[in-house]
Amino acid sequence: HEHSQAATLAQDALERELGELRLDATWKKGCVSFMTAFKNRIVDLENCRGPNNAITDHEQRTWLSRSLLQHAEMRRAFGNLESNEILLASATPTAPGAAPHNLLPFHELHTHMLDQAHKIDAAVKQTAKESRRVHEAESSRPPPARGGRHQGRGFGRGRGGRGRGGSSVPCIEPEKWATMT
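Residues numbered from 1 in each chain as written. Predicted model: local features only at pLDDT ≥ 70, side-chain atom pairs only at ≥ 80, totals over all residues. Heavy atoms only, no water.

Regarding the packing of aromatic side chains
1) Next: The final tally for this structure, using the stated rule, is two aromatic pairs.
2) Next: Residues W27 and F34 carry aromatic rings whose centres are separated by 5.2 Å and whose planes lie at 90° to one another, so their mutual orientation is edge-to-face.
3) Next: The class for F34 is buried, based on a relative accessible area of 0%.
4) Next: Aromatic pair F38 and F106: ring centres 6.3 Å apart, planes at 45°, arrangement tilted. Here the residue F38 occupies a position in helix α2 (residues 31-49), and F106 occupies one in helix α5 (residues 106-140), the gap between them amounting to 68 residues.
5) Next: Residue class for F38 comes out buried when judged on its relative accessible area of 0%.
6) Next: Here K29 stacks its cationic end above the ring of W27, 6.0 Å away from the centre of that ring. (Phe/Tyr/Trp six-rings, centres within 6.5 Å; stacked < 30°, edge-to-face > 60°. Buried < 20%, exposed > 50% of the residue type's maximum accessible area, 1.4 Å probe, protein only. Helix = DSSP H or I, 4+ residues; strand = E, 2+ residues; numbered from the N terminus. Lys NZ or Arg CZ within 6 Å of the ring centre and 35° of its normal.)

Points about the pattern of salt bridges
1) Next: For the coordinates displayed, the defined rule picks out four salt bridges.
2) Next: When the shortest N-O distance is used, the salt bridge between E59 and R49 registers 3.1 Å. Taken as a pair, E59 in helix α3 (residues 57-67) and R49 in helix α2 lie far apart in primary sequence, ten residues in all.
3) Next: Taking the relative accessible area as the measure of exposure, R49 reaches 13% and is therefore buried.
4) Next: Where E85 meets R61, a salt bridge forms, and the shortest distance between an N and an O atom there is 2.7 Å. One end of the pair, E85, is in helix α4 (residues 72-91); the other, R61, is in helix α3, and 24 residues separate them in sequence. Take E85 and R61: they sit in the same class, and that class is buried. (Salt bridge = Lys/Arg side-chain N within 4 Å of Asp/Glu carboxyl O.)

Examining a positive patch on the surface
1) Next: Together, K125, K129, R132 and R133 make up a positively charged patch on the protein surface.
2) Next: Assignment of secondary structure puts R133 in helix α5. (Patch = residues over 30% accessible without salt bridge, like charges linked within 9 Å, V, L, I, M, F, W, Y side chains within 5 Å. Areas by Shrake-Rupley, 256 points an atom, 1.4 Å probe, with all protein chains shown as cover. Lys, Arg positive; Asp, Glu negative; His and termini not counted. Charge placed at Lys NZ, Arg CZ, Asp CG, Glu CD.)

Here we look at the packing of α3 against α4
1) Next: It is at 11 Å that the axes of α3 and α4 come closest, and there the two elements cross at 140°. When the axis of α3 is compared with that of α4, the two are oblique. Of the residues in α4, those touching α3 at R61, L64 and S65 are F78, E82 and E85.
2) Next: Residue composition of the contact of α3 with α4, by class: two nonpolar, one polar and three charged. (Axes fitted to C-alpha atoms, helices over the stretch in contact; angles between N-to-C directions. Parallel < 35°, antiparallel > 145°, perpendicular 65-115°, else oblique. Contact = heavy atoms within 4.5 Å. Nonpolar A, V, L, I, M, F, W, Y, C, P; charged D, E, K, R; others polar.)

Digging into the environment of G19
1) Next: Within the secondary structure, G19 is located in helix α1 (residues 2-20).
2) Next: A relative accessible area of 26% places G19 in the partly exposed class.
3) Next: In this structure, the C-alpha to C-alpha distance between G19 and R66, residues 47 residues apart in sequence, is 7.8 Å.

This is the structure:
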C-alpha cells in the first residue's frame, strides 16, 4: 500500500512538473537540453504510471505545445509541423467510412522538434560567436585621437607641429631663429 501511495505522489509530481515546464527566459541551457529534459520527464512518468495507464500522444502534445509557447522559434516550428500534418491529412484521400489521417506519433514529433532544437541552438551559438568576434575587433582598435577644441582644423599639436598644421614650410626652433636675426 505504501509503494502505491508513493508511486501516486511521484506520478502527481511529474504530471505537475510537465504541466509547468516552460522553455522561456528562465531556461538557460538551450533548446536541445529542454527537449531532452522534457522527454526524460515523460519517460519517468511512463514508468510511474505503468502499462495499464499509458500516457497518450494527445497528453504529450498538449504538454509540449504549452511548454514551447514562450519560445518564438520553437513555437513556430511546432506550429509548422502541426500545419503540415493538417495539410497532409486534407490531401490524403480516405476511404468512405474510414478514420481520418492520424497525426504523427509523439516519438516522431519529438524527433522532428529535437532536430529543430539542434538547428536553433546552432544558430544561437553562431550568432554569439559572431557577436564576440565583432566585440573583440572593436575593443582591439586604438581609441580615437583626443584633441583640443580645434581638433581637425589644423591647430594644435599632433597636426603638423606649431601653428597652422599641415604646412610644408619647415619649422625653425626659436633659439636658432634668435641667432639668425
